[in-house]
Amino acid sequence: MSNGFPELLDIRAFSIALDDGFTQIVIKYGETLEWIFLPVLKMLLGMEKALLWLPWWVVLLGLTGLAWTASRRWGITLAVAALTFGIGLIGVWEQAMATIALMLVATMLAVLIGLPVGIGMSRSNRMQTTTLPVLDIMQTMPIFVYLIPFVMLFGPGKIPALLATIVFAIPPVIRLTNLGIRQVDREIIEAAQSFGASPLQVLFSAQIPLALPAILAGINQTTMMALSMVVIASMIGAGGLGYQVLQGIQRLEISKGLLAGLGIVFLAIIFDRIAQSYGRRVHKTLKLED
Amino acid sequence: MADNSSNQIRIKVENVSKIFGPDPKAAMAAVEGGMGKAELLESSNHVLGLHAINLDIRQGETFVIMGLSGSGKSTLIRHFNRLIEPTAGRILVDGEDVLKLGKSALREFRRKKISMVFQRFALLPHKTVLENVIYGLLIDGMAKPKARERGMEQIELVGLGGFEQHYPGQLSGGMQQRVGLARALATDAEILLMDEAFSALDPLIRHDMQMQLREIQARLHKTIVFITHDLDEALLLGNHIAILKDGMLRQVGTGAGILIAPADEYVARFVRDVNRARIVTCGALAEPKPIYDSPQAASGDSGWVIISDGHGGHGLMRAGSKHDSNTSGIEAAITIDASANVEEAFGALSRRDRPLMVMSEGRISGLLGWQTVLRALERSNEAEHKPPLSN
């Protein structure tokens with residue numbers, strides 16, 4: 001090396017070995033993996049199709065109804081309705097539906113995987129100490145780095161985009177599930193145990209309900225992070241609003257990028273409001289400080 | 001507070017020790033080798049929580065474990081239902097070693113036999129009062145309608161009727177602890193553990209709760225283990241009291257017994273400011289005396305003696321007095337019940353110079369003179385100069 005740093009490791013050989021090894025994996029298991037993730041792809045495409053098949057006003061009513069159930073407040077409900085209407089107004093409805101589908105499926109899978117991992121971490125200090133650094137790496141590693149192996153395995157398309165999104169978005173739900181359960185009052189856990197509750201009964205009757213506000217905050221963050229991945233994921237074929245932004249960059253069209261960007265902002269506000277107001281209501285029922 | 005000392009032993013704690021730290025077994029060996037608490041902490045960073053505790057808790061009594069914070073009392077009570085595992089020793093409940101129970105047997109034991117009330121109530125905030133009360137029943141697999149019925153009875157018992165659909169957060173501290181008590185009573189467990197159950201309540205409410213507990217106990221005759229740092233509470237509720245300091249038992253006995261004869265300096269300082277006259281019973285101070293058939297028979301004795309008139313009546317006489325007639329010198333005995341406290345004897349003692357005859361369930365248990373009373377109420381002077389209690 002030019003600066004005289006001693007070559008203690010043979011990095012080139014390491015790189016070749018890693019690249020070759022991974023290529024072997026792709027050749028050997030690529031098809032199997034693709035087959036495994038076929039149902040996920042079908043679910044994603046199905047949801048996208050369904051959202052597009054539905055008349056726009058049904059989607060609008062659905063989101064508005066969701067906002068009302070979650071918040072029971074007129075202000076938030078009206079804001080959600082207006083923003084959904086706005087998405088159609090600025091002409092990115094179709095792309096927004098694709099983005100919503102990707103975001104929802106990614107969030108759903110992230111929660112499905114993240115909840116059990118978080119619960120496991122809360123029950124075992126060893127699992128916590130080994131998992132936390134992994135989560136740190138997942139959150140600090142530049143996102144583009146994930147794209148490489150996923151694209152190699154599946155080729156550009158919706159599946160690698162979905163998986164990269166999940167990897168990027170899953171840490172908050174894991175962290176906050178773990179934290180929420182660990183913060184439940186010890187005496188309440190002891191009370192449940194003292195009445196002969198089994199570990200599972202303690203988990204479902206006391207720990208999860210009391211950790212719910214934290215878990216919901218985690219799910220909310222995960223949703224937001226999944227949404228923030230859409231632009232990057234569009235580089236490997238996720239489509240949707242992100243692809244519009246990408247096209248805006250490639251063609252140097254300010255308007256295209258701006259409108260799609262606005263659409264993303266609208267979506268973020270809609271889902272954040274719904275999730276947050278629901279979290280607040282759960283918090284209230286737990287504390288009942290009225 | 002009936003004395004239940006004749007009843008069978010319900011919980012037997014044998015030589016229980018608890019050490020907190022990375023390697024309790026090794027530390028235990030060191031402690032058995034004679035190492036003290038401070039030394040152990042210094043040398044190996046282990047905390048000696050409890051050391052060689054022995055207790056017998058009898059059926060139907062309220063057994064109070066008393067100590068200041070850090071004395072290990074909350075650790076000790078958690079051993080009874082194995083929320084904490086001891087490092088050494090045995091705990092027998094109805095003769096069965098609790099420590100040998102497997103996981104499911106332990107759950108069964110907790111569901112049926114033992115229940116607990118917590119200092120900060122430990123209610124589930126997302127469940128209603130009724131749902132909290134029937135928590136233990138549902139855990140045990142009881143059908144909901146039956147559990148609700150049972151739960152409503154308990155809610156009525158603790159005086160919370162009408163509040164069953166409220167959430168804990170909507171209730172005051174005293175009401176929340178009533179829910180905690182109802183929840184513990186609902187499973188019909190015979191043993192009730194109460195961990196500083198009333199300490200978080202303000203004084204008036206605390207007194208109400210103490211009275212309510214006594215009332216409930218008079219009806220249900222549970223075996224209650226009650227933890228407190230409050231001596232007045234201990235004396236009010238406890239049939240027996242164990243005093244714990246730094247993880248070691250200092251004294252076990254009845255409230256009066258501890259007040260009259262504190263085992264050591266620490267206990268003496270602890271009980272110094274208590275109004276003994278209201279706690280100590282006449283029965284505890286009565287001096288047993290032989291009962292003589294005639295004044296002549298008592299001539300060898302000294303002081304006041306009891307003379308039977310042969311028809312079931314009794315009189316008092318100063319032994320060795322100069323009277324040799326059969327009846328003169330014998331005075332009518334004033335009786336007082338053994339369960340009366342000393343304060344109630346003050347009036348009778350002050351009016352005559354002769355002692356009172358203390359009766360326990362129709363039998364004479366002895367004489368009580370004013371000298372004895374004064375001696376019992378005296379506070380040792382040495383204690384006055386000691387620094388205040390430290391933990």
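Rules used throughout
Residues numbered from 1 in each chain as written. Chains lettered and ligands numbered in written order. Predicted model: local features only at pLDDT ≥ 70, side-chain atom pairs only at ≥ 80, totals over all residues. Helix = DSSP H or I, 4+ residues; strand = E, 2+ residues; numbered from the N terminus. Buried ≥ 20, exposed ≤ 12 C-beta atoms within 10 Å, placed from the backbone. Contact = placed C-beta atoms within 7 Å. Nonpolar A, V, L, I, M, F, W, Y, C, P; charged D, E, K, R; others polar. Pairing = 2+ DSSP bridges. Axes fitted to C-alpha atoms, helices over the stretch in contact; angles between N-to-C directions. Parallel < 35°, antiparallel > 145°, perpendicular 65-115°, else oblique. Left-handed = near helix turned anticlockwise from the far one by under 90°. Expected span 1.5 Å × (residues − 1). Arc of directions from axis to C-beta. Core = buried A, V, L, I, M, F, W, Y, C linked by C-beta atoms within 7 Å. Domains from an automatic or database assignment. pLDDT = per-residue confidence, 0-100.

**A short note on the overall build of chain A**
What chain A contains, in helices and strands, is 13 helices and zero strands. Each helix (α) and strand (β) of chain A, taken in turn from the N terminus, gives the series α-α-α-α-α-α-α-α-α-α-α-α-α. Referenced to the eigenvectors of the C-alpha coordinate spread, the extents of chain A come out at roughly 65 × 50 × 40 Å. Sorting the 290 residues of chain A into buried and exposed places 39% on the buried side. Relative to all contacts within chain A whose residues are 6 or more apart in sequence, the contacts with residues 24 or more apart total 75%.

**Concerning the overall build of chain B**
On a plain count of helices and strands, chain B comes out with 17 helices and 17 strands. Oriented by its inertia axes, the alpha-carbon framework of chain B measures out at about 80 × 55 × 40 Å. Within chain B, the fraction of its 391 residues that count as buried is 43%. When contacts within chain B are restricted to residue pairs at least 6 apart in sequence, those whose partners lie at least 24 apart make up 64%.

**Looking at the interface of chain A and chain B**
Taken together, the contact pairs 18 residues of chain A with 22 residues of chain B. Take the side of chain A that touches chain B: its biggest share by element is six residues, from helix α9 (residues 186-194) of chain A. Considering only residue class, the side of chain A that touches chain B consists of eight nonpolar, six polar and four charged.

**Focus on the pairing of strand β3 (residues 62-66) of chain B**
All names here are of chain B. Buried residues dominate β3, accounting for five of its five residues. Burial along β3 is two-sided: the face carrying Thr62, Val64 and Met66 and the face carrying Phe63 and Ile65 are both buried. Here four bridges tie β3 to strand β9 (residues 240-245), and the two strands are oriented parallel to one another. The residue bridging Ile65 from the neighbouring strand is Ala242, located in β9.

**Side note on the sheet that holds strand β13 (residues 314-318) of chain B**
Residue and element names in this part refer to chain B. The sheet built from four strands is open, its strands ordered β11-β12-β13-β14 with mixed pairing. Single-partner strands in this sheet number two, and they are β11 (291-292) and β14 (331-332). Both β13 and β14 contribute to a ladder of two bridges, which runs antiparallel. Note on β14: the bridge partner recorded for Leu316 is Glu331.

**Let's talk about the environment of Leu52(A)**
When you line up the elements, Leu52(A) lands in helix α2 (residues 38-53). Not counting chain neighbours up to four residues away, the residues in contact with Leu52(A) comprise Glu94(A) and Met97(A).

**A few points about the sheet that holds strand β1 (residues 9-20) of chain B**
Residue and element names in this part refer to chain B. Strands sit in the order β2-β1-β4-β5 across an open sheet of four strands; the sheet is antiparallel. Unpaired on one side and paired on the other, β2 (47-58) and β5 (96-97) mark the two borders of the sheet. With five bridges joining them, β1 and strand β4 (residues 88-93) adopt antiparallel strand pairing. When the bridges of β4 are listed, Glu14 appears paired with Arg90.

**Section: the packing of α9(A) against helix α10 (residues 199-228) of chain A**
Residues and elements named next belong to chain A. Between α9 and α10, whose axes approach to 10 Å, the crossing angle comes to 165°. With respect to each other, α9 and α10 are oriented roughly antiparallel. The crossing of α9 and α10 is right-handed. Contacts between α9 and α10 involve Ile188, Ile189, Ala192 and Gln193 on the former and, on the latter, Val202, Ser205, Ala206, Gln207 and Leu210. Its residues assigned to classes, the contact of α9 with α10 shows six nonpolar, three polar and no charged.

**What about the packing of helix α5 (residues 93-123) of chain A against α10(A)?**
All names here are of chain A. At a closest axis distance of 10 Å, the pairing of α5 and α10 adopts a crossing angle of 140°. Compared by their axis directions, α5 and α10 come out oblique. Classified by chirality, the crossing of α10 by α5 is right-handed. From α5, Met103, Ala106, Thr107, Ala110, Val111 and Ile119 reach across to α10, where they touch Leu203, Ile219, Thr222, Thr223, Ala226 and Leu227. Looking at side-chain class alone, the contact of α5 with α10 contains nine nonpolar, three polar and no charged residues.

**Here we look at helix α7 (residues 143-154) of chain A**
All names here are of chain A. Taking 1.5 Å of rise per residue, the twelve residues of α7 would be expected to cover 16 Å, and the 17 Å separating its terminal C-alpha atoms lies within 8% of that figure. All of the buried residues along α7 are Tyr146, Phe150 and Phe154. Here the buried residues of α7 occupy an arc of 45° about the axis, which is enough to place them on one side. Along α7, the residues that are exposed and aim more than 90 degrees away from the buried face are Phe144 and Val145. Looking at the buried positions of α7, the neighbouring elements they touch are α1 (11-36) and α8 (158-182).

**Digging into the nonpolar core**
Core analysis: the largest hydrophobic core is formed by 170 residues, its most contacted members being Leu102(A), Ala106(A), Val225(B) and Val358(B). With 14 residues, α5(A) is the largest single contributor of residues to this core. Two domains each put at least three residues into this core: domain 1 (58-278) and domain 2 (284-376) of chain B. When sequence neighbours within four positions are dropped, the list of residues in contact with Val358(B) reads Cys282(B), Gly283(B), Ala286(B), Ile336(B), Ala338(B), Ser365(B), Gly366(B), Leu367(B) and Leu368(B). Ranked by size, the runner-up nonpolar core spans six residues in total, among them Ala27(B), Met28(B), Leu40(B) and Leu48(B).

**Focus: the domain arrangement of chain B**
Residue and element names in this part refer to chain B. Once the domains are mapped, chain B shows domain 1 (58-278) and domain 2 (284-376). At the junction of the two partners, domain 1 supplies six residues and domain 2 supplies five residues. Here the residues of the side of domain 1 that touches domain 2 are counted per class, giving three nonpolar, one polar and two charged.

**Quick word on the pairing of β1(B)**
Looking at chain direction, β1(B) and β2(B) are connected through eight bridges and run antiparallel. Looking at β2(B), one finds that Val16(B) is bridged to Ile53(B).

**With respect to helix α9 (residues 203-220) of chain B**
All names here are of chain B. The end-to-end C-alpha separation of α9 is 25 Å, in line with the 26 Å expected for 18 residues at 1.5 Å each. For α9, every residue scored as buried is listed here: Arg206, Met209, Gln210 and Leu213. What you see down the axis of α9 is that its buried residues fit within an arc of 105°, all on one side. Exposed residues lying more than 90 degrees from the buried face of α9 are Leu204, Met211, Glu215, Ala218 and Arg219. Check the buried side of α9 and you find it contacts α8 (173-186) and α10 (231-237). Following α9 by one or two positions, His221 has its phi on the positive side, about 50°.

**Regarding the confidence of the model for chain B**
Residue and element names in this part refer to chain B. Considering every residue of chain B, the mean pLDDT works out to 86; 93% of them sit at 70 or more. Below pLDDT 50 for its whole length, residues 1-5 participates in seven contacts with residues either more than four positions away or in separate chains. This model gives residues 381-391 a pLDDT under 50, and the stretch forms nine contacts once residues within four places in sequence are excluded. The ipTM for the predicted assembly is 0.79, set against a pTM of 0.80.

**Thoughts on the environment of Lys37(B)**
Residues and elements named next belong to chain B. Along the polypeptide, Lys37 turns up in helix α2 (residues 37-44). For Lys37, a count of 17 C-beta atoms within 10 Å gives the class partly exposed. With 13 residues separating them along the chain, Lys37 and Leu50 place their C-alpha atoms 9.7 Å apart. When neighbours within four sequence positions are excluded, Lys37 is seen to be in contact with Leu48, Asp246 and Gly247.

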